[in-house]
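# Results of the structural survey
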There are 2 protein chains.
Amino acid sequence: MCVVTPPDFERLLRGTALRVTRPRLAVLGAVHAHPHADTDTIIGAVRREIPKVSHQAVYDSLHALTAAGLLRRIQPSGSVARYETRIGDNHHHLVCRSCGTIADVDCAVGEAPCLTASEDHGFSIDEAEVVYWGLCPACSTS
Amino acid sequence: MCVVTPPDFERLLRGTALRVTRPRLAVLGAVHAHPHADTDTIIGAVRREIPKVSHQAVYDSLHALTAAGLLRRIQPSGSVARYETRIGDNHHHLVCRSCGTIADVDCAVGEAPCLTASEDHGFSIDEAEVVYWGLCPACSTS
DNA sequence: GGCAGAGTGTTGACTGATTCAAGTTTAGGG
DNA sequence: CCCTAAACTTGAATCAGTCAACACTCTGCC
């Protein structure tokens, strides 16, 4: 049912200093299957595979995987934290002001930071995050 | 001590459908005096003027003023809500990953949305919000 | 294959920003 | 000056996320 070959999550984990555990594999799978899902949704998806995982294990896994660079955390204003596996391509997001739906947008530049601040105030900038706010097709017609 | 003339907050409020109340004037003054301050800081600042305001009144005022367009709410990932009075010029923000400091950056374009998404997925976009992530001068030297 | 121990997971309590709701006060038009 | 909707007070509730103590299990090593 999945047209793309699922990544070899175990190999991804071994590529970092992280141990390979069932919760982590399940979290990677859940985020891959549900892009932009919030933590609650991820916990639900993980529990379909491992019914007894604690929410704490999911939180820990999400943090560890995010720190390792295998996940990206996004959190538009007014939303809870969301996660995605599409990392490394520096893409951006469209967010619906009404229903909160998130869609991916390719970054024309490709490498972070894709924009240069007009005045950096002495900051060393490594990323420019862009969020496009608007209404999704469903919400703009109603 | 303030080199810029403070805006006429009462006039701003009357320009909208909002009633002029002491908490609202104090909130406008507090946000103007403390750009990018979080709610707690704002409550503290307001209470120096009106010691007995409830936190709820400040929350209500912040929401009402934001909805009226007199304030702008910003909330970088991992931070609580912050507010600023500099609105209408579509400027962007520099955020320090280490200490959370926020600095303003002018938008080269000036009018929202300053960027056009490469593929809008049918969304009607009205704003492109840009957050530059990095380290502030103080944090990058330590 | 068995051991050891650092890294992970479980459990359950807790925090803190924000919201809800019921009742009281007040701004501002008539 | 009065009235009414809007705004404020009070106090409790919510909920994502975190903390901490203890139990378990990967993984490298013998």
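Heads up: the structure comes first, above all this text.
Residues numbered from 1 in each chain as written. Chains lettered and ligands numbered in written order. Predicted model: local features only at pLDDT ≥ 70, side-chain atom pairs only at ≥ 80, totals over all residues. Heavy atoms only, no water.

## Overview of the overall build of chain A
The condition that has to hold: Secondary structure is summarised from DSSP: a helix means a run of H or I of at least four residues, a strand means a run of E of at least two, and numbering begins at the N terminus for each. The rule is simple: take the accessible area with a 1.4 Å probe, protein chains only, and divide by the maximum for that residue type; under 20% is buried, over 50% is exposed, in between is partly exposed. We call two residues in contact when some of their heavy atoms are within 4.5 Å. The method behind every accessible area is Shrake-Rupley, applied with a 1.4 Å probe, and residues are considered shielded solely by the protein chains displayed. Charge counting follows a simple rule: Lys and Arg are positive, Asp and Glu are negative, and His as well as the terminal groups are ignored. By convention, the point assigned to a charge is CZ for Arg, NZ for Lys, CD for Glu and CG for Asp.
On a plain count of helices and strands, chain A comes out with 5 helices and 6 strands. When its C-alpha atoms are laid out on the principal axes, chain A stretches across 45 × 45 × 30 Å. Considering chain A as a whole, with its 142 residues, one finds that 41% of them fall into the buried category. Once local pairs closer than 6 in sequence are excluded, the contacts in chain A between residues at least 24 apart make up 45%. Counting every atom, chain A has about 7,700 Å² of accessible surface; 53% of that belongs to carbon and sulfur. Distance from the positive charge centre (13 side chains) to the negative charge centre (16 side chains) of chain A: 12 Å.

## Structural notes on the sheet that holds strand β6 (residues 124–135) of chain B
Cut-off, in case you're wondering: When DSSP finds two or more bridges between two strands, those strands count as paired. To define axes, lines are fitted to C-alpha atoms, for helices over the stretch in contact only, and angles between the resulting N-to-C directions are given on a 0 to 180 degree scale.
In spatial order, the strands read β5(A)-β4(A)-β6(A)-β6(B)-β4(B)-β5(B); together these 6 strands make up an open sheet with mixed pairing. For this open sheet the edge positions go to β5 (102–105) of chain A together with β5 (102–105) of chain B, each flanked by a neighbour on one side alone. Here the strands of the sheet are splayed against their neighbours by 30 degrees on average, with no regard to which way each runs. Alignment of strand β6 (residues 124–135) of chain A against β6 of chain B, held across 11 bridges, turns out to be antiparallel. Its bridge partner lying in β6 of chain B, E129 of chain A is registered against V131 of chain B.

## Let's talk about the protein's contact with DNA strand C
Note the following rule: If a single non-hydrogen atom of a residue is within 4 Å of a molecule or strand, that residue counts as near it. Pairs of N or O atoms within 3.5 Å make up the polar contacts considered here, provided that, within protein, one atom can donate a hydrogen while the other can accept it, and that residues adjacent in sequence are counted only when both atoms are side-chain atoms.
Near DNA strand C you find 20 residues, and of these T21 and S54 of chain A together with V20, Q56 and H63 of chain B are the closest. A share of 61% is what sugar and phosphate atoms reach among the atoms of DNA strand C within 4 Å of the protein. A distance of 3.0 Å is found between a phosphate oxygen of DNA strand C and a side-chain nitrogen or oxygen belonging to R24 of chain A. Those elements that provide at least two residues to the surface near DNA strand C are α2 (22–33) and α4 (55–67) of chain A together with α4 (55–68) of chain B.

Remember, this is a structural readout, not a statement about activity or role.
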